[in-house]
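# A structural walkthrough
So you can see what is in the structure, the chains are spelled out below.
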Amino acid sequence: MAAPTTVRTDLPADYRPWPALWAMVIGFFMILVDSTIVSVATPAIMQGLDSDVNAVIWVTSAYLLAYAVPLLITGRLGDRIGPKYVYLTGLALFTVASLWCGLTGSIEMLIIARVVQGLGASMMTPQTMAVITRTFPAASRGQAMSLWGATAGVAILVGPLLGGLLVDGPGWEWIFFINVPIGIIAFALAMRLVPKLETHSHTFDWVGVALSAIGMFLLVFGIQEGETYDWGQITGFLSVPLLIVAGLVIFGLFIFWQSRIRTEPLVPLGLFRDRNFSLSNIAISAVGFSITGMAFPFMLYAQVVRGMTPTKSALLLVPMAVLSGALAPVAGKLTDRIHPRTITAFGLALCSASLFWLSRVTTVESQTWLLLLPMALMGVANAFMWAPLAATATRNLPLSSAGAGSGIYNTTRQVGAVLGSAAIAALIEARLTANLPGVPQDMSQRTSGVKLPPQLADGFAMAMSQTLLLPAAVLLIGVVAALSFTKPTH
């Protein structure tokens, strides 16, 4: 008979961690939905606040920047202060900022409110994974991570769909107002159900905080806004390549500082000695790149080539969300029982195959049901991808560094998403130029939601089909990383 698995958590043996996880998942789901919901409301916001495209782009960009840049810091803050209090502070900030977003009367104030909202989200995200790591035994952590992964998968559908319904109904302000009652309920539940965990208070690496924040800001801003400035001059001597290079240099200095600091570093580089943690970060960055990258060309195809409304185009994602949520518990149980190499490589390879299949059916003549089949396959892939990766990344982490590990993992996911967004935008422009020479490059912005004439539709559909091959290829990097996983200690 096999020896019983050692139960290693921060809590008494009779504690039941599932209610606390459900309480935190509500807030986590809300911030994931908010990452995508605004894209549907962009035209309505432009009209309501009398703004132009360049200004309204910052409604999303400001949120993503404020979300991504502090993740390393907020993850470590959870270890120092306690994940419960950092999560509750972030949730309160996010909820108040949501009310501010809905009440604002100018695009400038909306952008500022979105920055505050992003900061709140950055405080919440690492704490969800940290609480799972510290309250669930390693041997059953996969089932908990399956809920975390299913939340991410379903949010991909709910964001655009809910955004379309609210914009078509009460108005764009309600994509923010709806967060207020949800945030209040989530706060009350988390206050009651999430435990107060042991803190690990040591010196705080303020030099590391400054270097990581500046490096991440320059890198993420340069990548995210590169397409806006044609990857060239921004103003004066500032250029996109200069920002990216400066960000890489400062981030290199940050890593050097982390290796030399004698007190507690912001990012314990020793975590990367765990092979599975390092490889999981590579794989999740590929996932972030691909999932973010596929959504934009597919939604453009649905709205511009097929003439669907935002709400109808979002309904094409239903098979993915339903199957992802339904299979997540199965994937969670398998994650705790079989080698992570098998289940994660399967999920990543299946997702790559589904994107390749999707690229083959994004044509003018394709019937709608043909689009639903690869989306269903992607739902199966999501179930066997998100949760197993997260569980494998955190399985061997020391409890005292759970927040730091979660912050690193979510940062790499978010940077991957930013890279995917920038790369897809550049590739879409290149393929539209190649397939529709002489047609204005901003055609997709002017015709979104209006079916293209036949003489243009075929070239546009071909451009979107070719673009989808990039995220399919990037996922293969994740497959290679997953195949190199070692057997976890549990």
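When you go through the chain residue by residue, the secondary structure sums to 20 helices and two strands. Looking at the chain alone, contacts between residues at least 24 apart form 85% of all its contacts between residues at least 6 apart. Carbon and sulfur atoms provide 68% of the accessible area of the chain, an area that totals close to 19,500 Å².

Right, let's get into the layout of surface pockets. Considered as a void within the structure, the second largest pocket measures approximately 320 Å³ in volume. Together, 16 residues line the second largest pocket, and Phe251, Phe272, Ile408, Thr411 and Thr412 are the ones closest to its centre. Breaking the lining of the second largest pocket down by element, the ones donating at least two residues are α9 (206-225), α10 (240-260) and α17 (402-435). Of all the elements, α17 adds the most residues to the lining of the second largest pocket, at six residues.

Turning to the pattern of salt bridges, a few remarks are in order. Per the counting criterion, the structure on display carries one salt bridge. Of the charged contacts, one joins Arg114 and Asp34 as a salt bridge, the two residues approaching to 2.7 Å between their closest N and O atoms. Within this pair, whereas Arg114 is found in helix α5 (residues 107-135), its partner Asp34 is found in helix α1 (residues 18-48), the two being separated by 80 residues in sequence. Each member of the pair, Arg114 as well as Asp34, carries the same accessibility label: buried.

Attention shifts here to the packing of aromatic side chains. Inspection of the entire model under this criterion finds eight aromatic pairs. Ring geometry for Phe217 and Phe221: centres 5.7 Å apart, planes at 20°, overall stacked. Placement of the pair is Phe217 and Phe221 together in helix α9, with a separation of four residues, close to one helical turn. Classification of Phe221 as buried rests on a relative accessible area of 14%. The side chain of Arg360 reaches across the aromatic face of Phe356, ending 5.4 Å from its centre.

Mean pLDDT over the chain stands at 82; residues scoring 70 or higher make up 90%. Predicted confidence is poor over residues 1-7, with pLDDT under 50, and the contacts of this stretch with residues over four places away or in other chains come to three contacts. For residues 444-448, every residue scores under 50 in pLDDT, and the model assigns this stretch nine contacts once sequence neighbours within four places are set aside.

All told, the structure shown has two cavities of 30 Å³ or more when counted by the stated rule. What the second largest cavity holds in volume is close to 30 Å³. In terms of lining, the second largest cavity is formed by Asn276, Thr335, Pro340, Thr392, Arg395 and Pro488. By residue class, the composition of the lining of the second largest cavity is two nonpolar, three polar and one charged.

Our next topic: the nonpolar core. Residues Ile45, Leu110, Trp148, Val287, Phe298, Met385 and Phe460 are the most contacted members of the largest nonpolar core, which totals 136 residues. Those residues in contact with Val287 that lie beyond four places of it in its chain are Leu348, Met385, Trp386, Leu389 and Leu475.

For helix α8 (residues 179-193), built from 15 residues, the straight-helix expectation of 21 Å at 1.5 Å per residue is met to within 8% by its first-to-last C-alpha distance of 20 Å. When we look at burial in α8, the residues that qualify are Asn179, Gly183, Ala186 and Ala190. The buried side chains of α8 occupy one side of the element, clustering within an arc of 65° when seen end-on. Opposite the buried face of α8, at more than 90 degrees from it, the exposed residues are Ile184 and Arg192.

Here we take up the environment of Leu32. Checked against the element boundaries, Leu32 lands in helix α1. Under the relative-accessibility criterion, Leu32 is labelled buried at 12%. Sequence separation between Leu32 and Val158 is 126 residues; the distance between their C-alpha atoms is 9.4 Å.

In this section: the side chain of Ser354. Among the structural elements, Ser354 can be located in helix α14 (residues 340-361). Of the residues examined, Ser354 reaches a relative accessible area of 0% and is grouped as buried.

Before going further, it helps to examine the packing of α9 against α10. Running from N to C, α9 and α10 cross one another at 155°; their axes reach a closest spacing of 8 Å. The orientation of α9 relative to α10 falls into the category roughly antiparallel. Like other packed secondary-structure pairs, α9 and α10 cross with a definite hand, here left-handed. Contact residues: Val207, Gly208, Leu211, Ser212, Ile214, Gly215, Met216, Leu218, Leu219, Phe221, Gly222 and Ile223 in α9; Val240, Leu243, Ile244, Ala246, Gly247, Leu248, Ile250, Phe251, Leu253, Phe254, Trp257 and Gln258 in α10. Here the contact of α9 with α10 is composed, by residue class, of 18 nonpolar, six polar and no charged.

Helix packing for two helices is described by the angle between their axes and how far apart those axes are. Direction vectors running N to C along α14 and helix α15 (residues 368-383) enclose 170°, while the axes themselves pass 8 Å from each other. Comparing their axes, α15 and α14 come out roughly antiparallel. You can see that α14 and α15 cross each other, and the crossing is left-handed. On α15, the residues that touch Gly347, Leu350, Cys351, Ser354, Leu355, Trp357, Leu358 and Val361 of α14 are Leu370, Leu371, Leu373, Pro374, Met375, Leu377, Met378, Val380 and Ala381. Looking at the contact of α14 with α15 residue by residue, the class counts come to 15 nonpolar, two polar and no charged.

With respect to the helices and strands, Thr42 occurs in helix α1. Taking the C-alpha atoms as reference points, Thr42 and Val167, separated by 125 residues in sequence, lie 9.7 Å from one another.

On to the side chain of Thr467, then. If you trace the backbone, Thr467 turns up in helix α19 (residues 454-467). Assessed through its relative accessible area of 0%, Thr467 is described here as buried. Apart from residues lying up to four places away in sequence, Thr467 is in contact with Pro297, Ile424, Leu427, Ile428 and Arg431.

By the element assignment, Ala66 lies in helix α2 (residues 53-68). Relative accessible area serves as the criterion here: at 9%, Ala66 is assigned to the buried category. Taking C-alpha positions, Ala66 is 8.3 Å from Arg114, a pair spaced 48 residues apart along the chain. The contacts of Ala66, once residues within four sequence positions are left out, are Val115, Gly118, Leu119 and Ser122.

Rules of the game
Residues numbered from 1 in each chain as written. Predicted model: local features only at pLDDT ≥ 70, side-chain atom pairs only at ≥ 80, totals over all residues. Heavy atoms only, no water. Helix = DSSP H or I, 4+ residues; strand = E, 2+ residues; numbered from the N terminus. Contact = heavy atoms within 4.5 Å. Areas by Shrake-Rupley, 256 points an atom, 1.4 Å probe, with all protein chains shown as cover. 1 Å grid on protein atoms, 1.4 Å probe; cavity = no way out; pocket = protein on both sides within 12 Å on 5 of 7 lines; lining within 4 Å. Points joined across faces, edges and corners; volume = space filled by probe spheres on them. Salt bridge = Lys/Arg side-chain N within 4 Å of Asp/Glu carboxyl O. Buried < 20%, exposed > 50% of the residue type's maximum accessible area, 1.4 Å probe, protein only. Phe/Tyr/Trp six-rings, centres within 6.5 Å; stacked < 30°, edge-to-face > 60°. Lys NZ or Arg CZ within 6 Å of the ring centre and 35° of its normal. pLDDT = per-residue confidence, 0-100. Nonpolar A, V, L, I, M, F, W, Y, C, P; charged D, E, K, R; others polar. Core = buried A, V, L, I, M, F, W, Y, C linked by side-chain atoms within 4.5 Å. Expected span 1.5 Å × (residues − 1). Arc of directions from axis to C-beta. Axes fitted to C-alpha atoms, helices over the stretch in contact; angles between N-to-C directions. Parallel < 35°, antiparallel > 145°, perpendicular 65-115°, else oblique. Left-handed = near helix turned anticlockwise from the far one by under 90°.

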